[in-house]
Every structure is written in structure tokens, then in C-alpha cells.
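Letter by letter, the chains look like this.
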Amino acid sequence: MTSPSPDPATRAAFVPHSAPFQVASAEGAYLITPSGQRILDAAGGAIVANVGHGRREVAEAMARAAESASYVVPPFTTPERARLIDRLIDRWLPRGVTRVMFTSGGSEGVEAALRLVRQHHLAAGRTGKWKTIGLDLSYHGVTLGALAVGNHAPRRAGMEPLLVGFPHAPAPYRILGAPAAPDPADELERIILEEGPETVAAFIAEPVVGSAGGAMVPVEGYWQRARQLCDRYGMLLIADEVMTGFGRTGKTWGVDHFGVTPDVLVSGKGLAGGYAPLCGVYATEAVVAPLAEQRQDVMFHTFAGAPSACAAADVVLDILEREDLVARCERMGALLRQRLEETVGDHPNVGEIRGLGLMIGIELVKDRRTLERFPTEDRFAQRVQAQGLRRGVFYYAAGSGPVHDALLLGPPFTINGEDIDTLVNVLAESLSAAARG
Ligand code: PLP
């Protein structure tokens, strides 16, 4: 037996990251290493940090909450939970979405949504409806139901025997260099009919695809058509806004770009801005009504909605409101996009720059003219990421399947113009260094 590595960063993972990276503290848009090097967090961690790192008022609210009640089971109410739920319903959730259940992470939230839609139909007597249709390029989390309904090829690889057979519809994104595909909304309808609408409980999608594709925005009209199809075939529409929610795309919700209201919305990451593990599953009264009539319980996760986590989220949302940060996200997103186009828009390894707000993807290719991609095993996006880290900027490596090399940018909404220049200039250098090998 080998002895454990003495390096704590290496011991923190089963398979250590090739370059263990230690963070001693974080402030604003920066991570700070034990030797004092400042790393610009161009991804807000995993597209999480929205109000920036090191907000003392959030930490203080969490400490106060932990002091007053360390833990209570999720169905009980605490002042922090009640305050957060009021704020969500009054100021954040789409009109008509008025029911809230907390989980700790996004995968748990998606699982809860999959169970909720099944329970909804069961309670209403539609016992045959169990399938949730997902999309070919999507990521909904790494627990088994979430992995099954998503389709992030590398994250599913080898796990197939463990995954329930949820159907997948063709991705509604224009894939760089790919021939024109049939209308994806027609394709969704075809899948519903093939599966049999009497077996289909719901359709789930991300308004903008995050880690599976690098900020891919659906083709015009897709979400509106998906909403109509759900209504026509008695299915619920689940918006997975774990990454896009709470302002990340420059509007409160990703679905706001399409003028569509989902029946169930799942959103975590930005809810507590990285200060606490917290996600919410939000639903309309109509979704919950059959369960309520039958007095059916929805099982909770032990640590969901911990008082300190709810206190953190309440202050994070308050900061977003007070500092008008969703509007800032839209402005800084436009500036970042413009600076990227100017500086790396013509780079031979940049195929496309895309996204909404401060959720921006850069698809990387071997040759911009032919759109040929690097072989998957070259892990080009990871190489750019490593070059960026050496130069003091953290980029998130994303992509799967046909779009396997992308960078995802998602800095805090508080990022300033000077940091945007650093992000973009270091990216140009990192791309060239990675391409040199
Ligand atoms: N759904 C989406 C859209 C995500 O981007 C993620 C994580 O990146 C998840 C679900 C899973 O969330 P978690 O990692 O918190 O379980």
C-alpha cells in the first residue's frame, strides 16, 4: 500500500489533479495562493461566485445563524429559511412559481425535480408518465438520475448500466461546422410521439448549456415551442437554471430571454454565491396541488436549507439587489464579449465566442479556417487552462461530444474593466502557448 501524499491539495481528491493548486484565501474576483499570488477567478469557481469573494456581511450572517440554530430538519421553519423564501417569492421567482424546496447542490435539486414531476403525475392518476426527456448536449449533475437525463458524454462514460433509460432529443444548438440539422423542436415532438406521450412526464433543459458545451444558446424559438409541446402532451417543463439562474445571463433567469415560464425551475450555484451549498427547486401551485390534495410527502435531504446556508443566500440576494448586479452582469458581459472579439476573435484556435451576460463560451479549434477540432485526447481546453493558471487567471474547461474543447467564462458580476483586460490578454497568451505544445 502506498502512503498518502503529504500534499493536502493532492489528498483532497481520489485522483489528484495533475497540478494540485492551493488557495489560501479569496477576495473580490481573486483567489490568493499561500505564497500570495493573486489568481483572477474568470470562472467564479464553477460559475458560482457572483457577488465576489470575501464579503464579510455574508460570513457574519452565517455565523449569527449557526449560533442561533445549528441545525433543524428541513420541513421545520427557521427565521432564516422563512426570510429567504419570502425574498425568493416576492422578488426573484418568475410570476406563478411560488413553491420552494431546498437541496444542497444542483444534482440533488435535479433529482428532486425528477421525483417531483413523477409524483405530480402519480398523484393525478397518470401512472404511466415517468420519463423525463433530456437533450443530447446537456449536463444536469452527476448523481445517477441527473446523469441519466443529461448527456455529457465523458461524465456518463462507463456508467451506462447504472442509468435509467431517459430519452434524449437532438440538441437545439448550432454546432460549429456541422451540416444543417432538422428543426430541433420538430425533433423533440418526434421523440415525444415515439416514446408515447402517455409515458412522458416532463422535458428538462438548460436555457444556456454550461459545462457540456460552453455557453451554447438555443436556436430562436426553441423554448417557446418546447413550452407549447409540453402543454399539448401533458408534460411539465423543467428549466435547469443551476448555472444560469440568479442573473448569470444578464437577466434574472435564463428563461427570461425566451419569455417562457417553466413549471419547475431548479437553481443553485448563484443563490448563495458560493458561500454555502444551497440549491432550490421551485414549482407552480399547479405542480404541487395534486400532491397536496393527496397529502403526499416529498422526501428531503438531511442538510437542505441549513439555517446558515439560508442566511448566506438571503444576504447574497440582498447584495445583488442593492448593488444592481444583474444589470451590471449584462453590461460587463457585453464589455467582456467585445474585448474578447477584439483580442482573440481572429485567433487561429478560436472557433466561436458565444453566450449571454457573464456566461461566455469560447469554442477552441485546431484551425479556425477549416473548423477542424483537436483530437479529444489532446485535451486542448485543459492545456489552455493550465497555461492560464501559470499566468494568473483561472478559466473553466468545458465541452463534451462534438464540442469537446471549450472554455467557459463566468467571473463575479463585480469584475471591473481592468480585470477584464487581464482576463482577455492572458487568454491570448495562454492560447498561443497551449498551441505551441
Ligand atoms: N445542472 C447544471 C446546469 C449544472 O451546471 C450543474 C453543475 O455544474 C448541475 C446541474 C449539478 O450541480 P452540482 O454540481 O451542484 O451538483
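Definitions and cut-offs
Residues numbered from 1 in each chain as written. Predicted model: local features only at pLDDT ≥ 70, side-chain atom pairs only at ≥ 80, totals over all residues. Heavy atoms only, no water. Pairing = 2+ DSSP bridges. Helix = DSSP H or I, 4+ residues; strand = E, 2+ residues; numbered from the N terminus. Axes fitted to C-alpha atoms, helices over the stretch in contact; angles between N-to-C directions. Contact = heavy atoms within 4.5 Å. Near = heavy atom within 4 Å. Polar contact = N/O pair within 3.5 Å; in protein donor to acceptor, adjacent residues only side chain to side chain. Areas by Shrake-Rupley, 256 points an atom, 1.4 Å probe, with all protein chains shown as cover. Core = buried A, V, L, I, M, F, W, Y, C linked by side-chain atoms within 4.5 Å. Buried < 20%, exposed > 50% of the residue type's maximum accessible area, 1.4 Å probe, protein only. Domains from an automatic or database assignment. Left-handed = near helix turned anticlockwise from the far one by under 90°. Nonpolar A, V, L, I, M, F, W, Y, C, P; charged D, E, K, R; others polar.

Reading across the sheet, the four strands line up as E11-E12-E15-E14 and stay open at both edges, with antiparallel pairing between neighbours. In the strand order of this sheet, the two ends are held by strand E11 (350–356) and strand E14 (396–400), each with one partner. For this sheet, the mean angle separating the axes of adjacent strands, direction not counted, is 30°. Across six bridges, the pairing between E11 and strand E12 (residues 359–364) is antiparallel. Looking across to E12, one finds that leucine 356 is bridged to methionine 359. The sheet contacts of helix H12 (residues 325–344) involve E11, E12 and strand E15 (403–409), and relative to E11 the element is tilted by about 175°. Across the sheet, helix H13 (residues 380–390) touches E12, E14 and E15, and the angle it forms with E15 is around 30°.

Looking now at the site of the ligand. Near the ligand you find Gly105, Gly106, Ser107, Tyr139, His140, Gly141, Glu206, Asp240, Val242, Met243 and Lys269, and these make up its full shell. A distance of 2.7 Å separates a nitrogen atom of the ligand from a polar side-chain atom of aspartate 240. For the ligand, an oxygen atom lies 2.9 Å from a polar atom in the side chain of lysine 269. Coverage of the ligand by the protein chains reaches 81% of its 390 Å² of free accessible surface.

Looking now at the nonpolar core. Nonpolar side chains tend to gather and get buried jointly when the protein is soluble and globular. With 97 residues, the main nonpolar core has Leu88, Phe203, Leu271 and Leu340 as its most contacted residues. Per element, the largest residue contribution to this core is 10 residues, and it comes from helix H11 (residues 307–322). In this structure, this core is formed jointly by two domains, domain 1 (16–54 + 324–436) and domain 2 (57–322), each of which donates at least three residues. When sequence neighbours within four positions are dropped, the list of residues in contact with leucine 271 reads Leu84, Leu88, Phe102, Phe246, Leu278, Cys279, Gly280, Tyr282, Ala313, Val316 and Leu317. Grouped together as the second largest cluster of nonpolar side chains are 26 residues, Val110, Ala113, Val264 and Val288 included.

Geometrically, a packed helix pair is captured by the angle between its two axes and the distance between the axes. Running from N to C, H12 and helix H14 (residues 417–436) cross one another at 35°; their axes reach a closest spacing of 10 Å. Between H12 and H14 the crossing geometry is right-handed. Contacts from Met332, Leu335, Leu336, Arg339, Leu340, Thr343 and Val344 in H12 reach Gly417, Ile420, Asp421, Leu423, Val424, Asn425, Leu427, Ala428 and Leu431 in H14. Broken down by class, the residue content of the contact of H12 with H14 amounts to 11 nonpolar, three polar and two charged.

With that settled, the discussion passes to the sheet that holds strand E8 (residues 236–240). Here seven strands make up an open sheet; going across it, the order is E4-E10-E9-E8-E7-E5-E6 and the pairing mixed. Unpaired on one side and paired on the other, strand E4 (97–103) and strand E6 (168–169) mark the two borders of the sheet. Its contacts with the sheet put helix H10 (residues 285–293) on E4, E8, strand E9 (264–267) and strand E10 (279–284), and the angle it makes with E10 is roughly 85°.

Its location among the elements puts serine 107 in helix H5 (residues 106–123). When its relative accessible area of 18% is taken as the criterion, serine 107 is described as buried. Discounting residues that sit within four places of it in the chain, serine 107 has contacts with His140, Gly141, Val142, Thr143 and Ala146.

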